[in-house]
Amino acid sequence: MATTENATWWARTHGADGDVLVAYFSMEFGVETRLAIYSGGLGVLAGDHLKAAADLDVPLVGVGLFYRGGYFVQGVSGEGRQTEKYEELDPEALGLRREVEVEVDLGGEVVTAGVWRYDVGSVPLYLLDVPWVTDALYGGDRRHRIRQELLLGVGGVRALHALGIEPSVYHVNEGHSAFLTIERARMLVEAGRSTEDALEQIRHTTVFTTHTPVPAGNEVFGDDLVVRYVGSLAESAGISNEQLLALGRSDDTDGFGLTPLALRLSAHANGVSQLHGDVAREMWQGLWPGREAPIDAITNGVHLGTWLAPELAELLRDSGVEPDAPPAWANWPAARTLDSGALWRVHAARKQRLAELAGLDPERLTIGFARRFATYKRAGLVYSDLERLLALPVQVVVAGKAHPQDGPGKDVMQQIVELSHGAAAGRLVFLEDYDIELAQTIIPGCDIWLNTPRRPHEASGTSGMKAAINGVLNLSVLDGWWAEAYDSAYGWAIEGTTDEADATELYKLLEQQVVPRFEARDAWLEMMKASIAGLAPRFSMARTVIEYADRYYVPATRGA
Ligand SMILES: *Cc1c(COP(=O)(O)O)cnc(C)c1O
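Residues numbered from 1 in each chain as written. Predicted model: local features only at pLDDT ≥ 70, side-chain atom pairs only at ≥ 80, totals over all residues. Heavy atoms only, no water.

This part is about the overall build of the protein chain. Summing up its helical and strand segments, the protein chain has 20 helices and 19 strands in all. A compact globule built from 560 residues should have a C-alpha radius of gyration of about 24 Å, and the protein chain, at 23 Å, falls within 12% of that. Overall, the C-alpha framework of the protein chain stretches about 70 × 60 × 55 Å when taken along its three principal axes. A total of 560 residues make up the protein chain; the buried ones form 62% of that total. Accessible area of the protein chain: about 20,400 Å², with a carbon and sulfur share of 47%. Counting 49 positive and 77 negative side-chain charges, the protein chain places the centres of these two groups 2 Å from one another. (Helix = DSSP H or I, 4+ residues; strand = E, 2+ residues; numbered from the N terminus. Rg over C-alpha atoms; globule rule 2.2 N^0.38 Å. Buried < 20%, exposed > 50% of the residue type's maximum accessible area, 1.4 Å probe, protein only. Areas by Shrake-Rupley, 256 points an atom, 1.4 Å probe, with all protein chains shown as cover. Lys, Arg positive; Asp, Glu negative; His and termini not counted. Charge placed at Lys NZ, Arg CZ, Asp CG, Glu CD.)

Rendered as structure tokens:
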């Protein structure tokens, strides 16, 4: 990225820290739509992390899995039920290049994994591939899951070694890849270190980011499975079965948790919003009896180059903002003085595009809700009093996938699909197969971005950031990122304490604030500008990656 001196952020800030090299491990990466190896927010965040690291020139490589069948393509049956189809991904057509092969023992069965390389700008992403193991993302039983996670953690460390890459820091992005710590211990012990020494070194050079307080996101395996699949690897690091199992234990879960394992073996751990940091500290307090859990917070961001609508980026550049530069250099305050007419023309064009896709009215106040159908996100809240909703001059667009094993999530989706063909036809549209590309059309094409999680279950919630940077106003429960971002200049906060109270609040806000403000166009445009100018720099992924680099990557490399 060019600055006045033509040096990158990394060169200017950490040019002397020549030893830093970060290996960023994640179970999913959402870099582009066609490379369908992501399911939702976690993957898109990981993809955005790589893109921002490339922009800033942070020395970083990504490590993940290449799922032959990707994540499922969503359809809707005649009854409105989600259907799932897995489409074979073609690595060559996606621009992947085969680099090396490594062997991994998966419970007594030695497999050979191919390692593909995919470039995200200057950042290489290495993807391991054993067709019968990496058949699909989040498919299969517990045995299948532990095999995938061993392949990611253990195979990933070996792949980097085989490639001659020597990371100074390992970033475990969510617990799925936490077995990498055991493989690193084995390597250090085989090179002559004591087990204790090895674990201490690993702790100092591991960064762990936890992404959700929801149990389904915190992987737990039965002890038997862990002993069977990880026991002999741990033994070669001098770790007995008993010691291994102790690393994954916590008060409130039976079995072996990857979050406790990662927390015990990382000196740098964080939640993904300030509120989530508090929630995670409380949740994992039991691992640190007698003192505060050392879990900090780095709030997520989104990659502006991916999520800022191109027309708006152009308007910003014309107005003296450099949206592609690191926040401190980009002159975001200038967005407050955007020309109102020009901003509305940009927004009207985005609304038109969505209206055409969805069969909606391009003029009407449009409310968007698109994210995974997990029940805690309460997608049904806004329809809980359908008559009251339909009395308003609004239309709603909904999209999202339910996890293949999430029956209740599929039920919610089915109810919405039924409404969209029945009582709410013409005013509610469900768009199938939510992915990055669809998100790029839906989010900037709305006026309001609705978010109704049951507090405090939403750790961050990045789609609201994608909305905010585009001047799409957030109407959201004060959870995740919105708990720290909310200001009445930018949007609205739903502050109930029960489902019923939240629904009542939501309707009141729509009736008394949102609709009248939308009709007073000038006041609305002022909020759009405030949202862009105030929130784009704070919730840009560049700001997030800069925080990881300054607070974790550089100090961990120096042995701090
Ligand atoms: C941003 C994004 C998400 C995450 O949305 P949340 O608000 O965090 O739930 C999920 N899926 C896709 C395709 C996205 O682009």
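The next point concerns the side chain of T452. Among the structural elements, T452 can be located in the loop between strand 17 (448-451) and helix 16 (463-469). For T452, a relative accessible area of 1% puts it in the buried group. Here T452 is in contact with F369, Y376, K377, R378, L381, V477, I494 and L506, once residues within four sequence places are set aside. (Contact = heavy atoms within 4.5 Å.)

Attention shifts here to the domain arrangement of the protein chain. A common way to state how big an interface is: give the accessible area lost once the parts meet. Looking at the assigned domains, one finds that the protein chain contains domain 1 (9-300 + 543-557) and domain 2 (305-539). In this structure, domain 1 and domain 2 have C-alpha centres spaced 31 Å apart. With both chains or domains summed, domain 1 and domain 2 bury close to 3,200 Å², and 57% of this area falls on carbon and sulfur atoms. Contact with domain 2 buries surface across domain 1, with Q74, R81 and L275 losing the most and accounting together for 19% of the total. Our count for the contact surface shared by domain 1 and domain 2 stands at two salt bridges. One salt bridge connects D411 with R81, and the closest N-O pair in it is separated by 2.7 Å. Summed over the shared surface of domain 1 and domain 2, the result is 17 residue pairs in polar contact (both at pLDDT 80 or more). Looking at the side of domain 1 that touches domain 2, the elements with two or more residues in it are helix 1 (9-14), helix 2 (41-56), strand 3 (73-76), strand 4 (82-85), helix 9 (274-283) and helix 20 (541-557). With five residues, helix 2 is the single largest residue contributor to the side of domain 1 that touches domain 2. (Domains from an automatic or database assignment. Buried area = accessible area lost by both parts, 1.4 Å probe. Salt bridge = Lys/Arg side-chain N within 4 Å of Asp/Glu carboxyl O. Polar contact = N/O pair within 3.5 Å; in protein donor to acceptor, adjacent residues only side chain to side chain.)

Once that is clear, we can look at the site of the ligand. Neighbouring the ligand are 14 residues, the closest being W307, K377, T462, S463 and K466. Take K377: an N or O atom from its side chain is 2.7 Å from an oxygen atom of the ligand. One of the side-chain N or O atoms of K466 is found 2.6 Å from an oxygen atom in the ligand. Bound to the protein, the ligand loses 95% of the 390 Å² it would expose on its own. Elements with a contribution of two residues or more to the shell around the ligand: helix 2, helix 15 (436-442) and helix 16. Mapping the shell around the ligand onto the domain boundaries places at least three of its residues in each of domain 1 (9-300 + 543-557) and domain 2 (305-539). (Near = heavy atom within 4 Å.)

Interhelical geometry of helix 2 versus helix 20 gives an angle of 80° and a closest axis separation of 9 Å. The angle between helix 2 and helix 20 falls in the class roughly perpendicular. On helix 20, the residues touching L45, D48, H49, A52, A53 and L56 of helix 2 are M541, A542, V545, I546, Y548 and Y553. (Axes fitted to C-alpha atoms, helices over the stretch in contact; angles between N-to-C directions. Parallel < 35°, antiparallel > 145°, perpendicular 65-115°, else oblique.)

Here the amide bond leading from R455 into P456 is cis, since omega sits at 0°, within 30 degrees of zero. Residue position: P456 is located in the loop between strand 17 and helix 16. Notably, Y138 is not glycine yet its phi reads approximately 55°, a positive angle. With respect to the helices and strands, the residue Y138 is situated in the loop between strand 7 (123-129) and helix 3 (142-162). Taking the relative accessible area as the measure of exposure, Y138 reaches 8% and is therefore buried. The backbone of E174 shows a phi angle near 75°, a positive value even though the residue is not glycine. Note that E174 resides in the loop between strand 8 (169-173) and helix 4 (180-190). When its relative accessible area of 3% is taken as the criterion, E174 is described as buried.

Sheet strands pair via backbone hydrogen bonds, and the direction of the pair is either parallel or antiparallel. Spatial ordering of the open sheet is given by 5-6-7-2-1-8-9-12-13, a layout of nine strands whose pairing is mixed. Sheet topology places strand 5 (97-106) and strand 13 (296-297) at the edges, where each strand pairs with a single neighbour. Relative to the sheet, helix 3 contacts strand 1 (22-26), strand 2 (60-65), strand 5, strand 6 (109-120), strand 7 and strand 8, its axis offset from that of strand 5 by approximately 125°. (Pairing = 2+ DSSP bridges.)

A separate point is the sheet that holds strand 15 (residues 394-399). The sheet built from six strands is open, its strands ordered 16-15-14-17-18-19 with parallel pairing. One side of each edge strand has no neighbouring strand; the edge strands of this open sheet are strand 16 (428-431) and strand 19 (491-494). Here the strands of the sheet are splayed against their neighbours by 20° on average, with no regard to which way each runs. Pairing between strand 15 and strand 16: four bridges, direction parallel. Opposite V397, over in strand 16, you have V429 as the bridge partner. Strand contacts of helix 12 (residues 340-358): strand 14 (365-370), strand 15 and strand 16, with the helix running at about 80° to strand 16, the strand carrying the most contacts. Across the sheet, helix 18 (residues 499-519) lies against strand 14, strand 15, strand 17, strand 18 (473-477) and strand 19, angled at about 165° from strand 19, the strand it touches most.

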